[in-house]
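Descriptive analysis of the structure
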Amino acid sequence: MSAEAEVRSAAEELVAAFGRGDLDAYFACFADDATFLFHTTDRLLTSTEDYRREWARWAAEDGFAVRDCVTEDSLVQVFGDAAVLTHRVRTTVATHEGESQLQERETIVFARRGGRWLAVHEHLSPDPSA
């Protein structure tokens, strides 16, 4: 399997786990020292554990849960043991206020660690075309 195909497979696993709300499988797709930059948070999250705590806060305060996630227009660029995935994501989420659909663009940086592609950085922004 080519490196590009391996990265696509790792990304598909990550998005699928996210979309079905399987947090253990989702967070297992990230390196422990991954960083996260979301337009919905006021700071850079500097580890997967930091992101887990933020997610728990969203769930406790807002009733946040992911119901579904669909990806399209993905591009993978491989640079040796690093790769960049860009794509559009449409996510259905639930909160205490009900369900809504988010349309965003995302960049995920992967690194090959221990023979496996792990996400090491994620950047999410609103999709201006939505």
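Above this text you will find the structure in question.
The model shown is predicted, which means the values in this text are computed figures rather than measured ones.

Check the secondary structure of the protein and you find 3 helices and 5 strands. Going from N to C terminus, the protein has its helices and strands arranged as α-α-β-α-β-β-β-β. The C-alpha radius of gyration computed for the protein amounts to 14 Å, which stays within 12% of the reference 14 Å derived for 130 residues, consistent with globular compactness. Here the protein, with 130 residues, has 38% of them falling under the buried criterion. Restricting to contacts in the protein with at least 6 residues of sequence separation, those with at least 24 account for 47%. Across the protein, the 13 positively charged side chains and the 24 negatively charged ones have centroids separated by 2 Å.

If you check helix H3 (residues 48-62), its first and last C-alpha atoms are 21 Å apart, about what 15 residues at 1.5 Å a residue would give, namely 21 Å. For H3, the complete set of buried residues consists of Thr 48, Asp 50, Tyr 51, Glu 54, Trp 55 and Trp 58. Looking straight down H3, one finds that the buried residues subtend no more than 155 degrees of arc, so they occupy a single side. Considering only its buried residues, H3 is in contact with helix H1 (3-19), helix H2 (23-27), strand E1 (30-38) and strand E2 (65-79). Remark: Gly 63 follows H3 within two positions and exhibits a positive phi of approximately 70 degrees.

This part covers the layout of surface pockets. Its boundaries defined by the atoms lining it, the largest pocket holds a volume of some 440 Å³. Elements that contribute at least two residues to the lining of the largest pocket include exactly H1, H3, strand E3 (82-95), strand E4 (98-113) and strand E5 (116-126). The class makeup of the residues in the lining of the largest pocket is 14 nonpolar, 5 polar and 4 charged.

Definitions and cut-offs
Residues numbered from 1 in each chain as written. Predicted model: local features only at pLDDT ≥ 70, side-chain atom pairs only at ≥ 80, totals over all residues. Heavy atoms only, no water. Helix = DSSP H or I, 4+ residues; strand = E, 2+ residues; numbered from the N terminus. Rg over C-alpha atoms; globule rule 2.2 N^0.38 Å. Buried < 20%, exposed > 50% of the residue type's maximum accessible area, 1.4 Å probe, protein only. Contact = heavy atoms within 4.5 Å. Lys, Arg positive; Asp, Glu negative; His and termini not counted. Charge placed at Lys NZ, Arg CZ, Asp CG, Glu CD. Expected span 1.5 Å × (residues − 1). Arc of directions from axis to C-beta. 1 Å grid on protein atoms, 1.4 Å probe; cavity = no way out; pocket = protein on both sides within 12 Å on 5 of 7 lines; lining within 4 Å. Points joined across faces, edges and corners; volume = space filled by probe spheres on them. Nonpolar A, V, L, I, M, F, W, Y, C, P; charged D, E, K, R; others polar.

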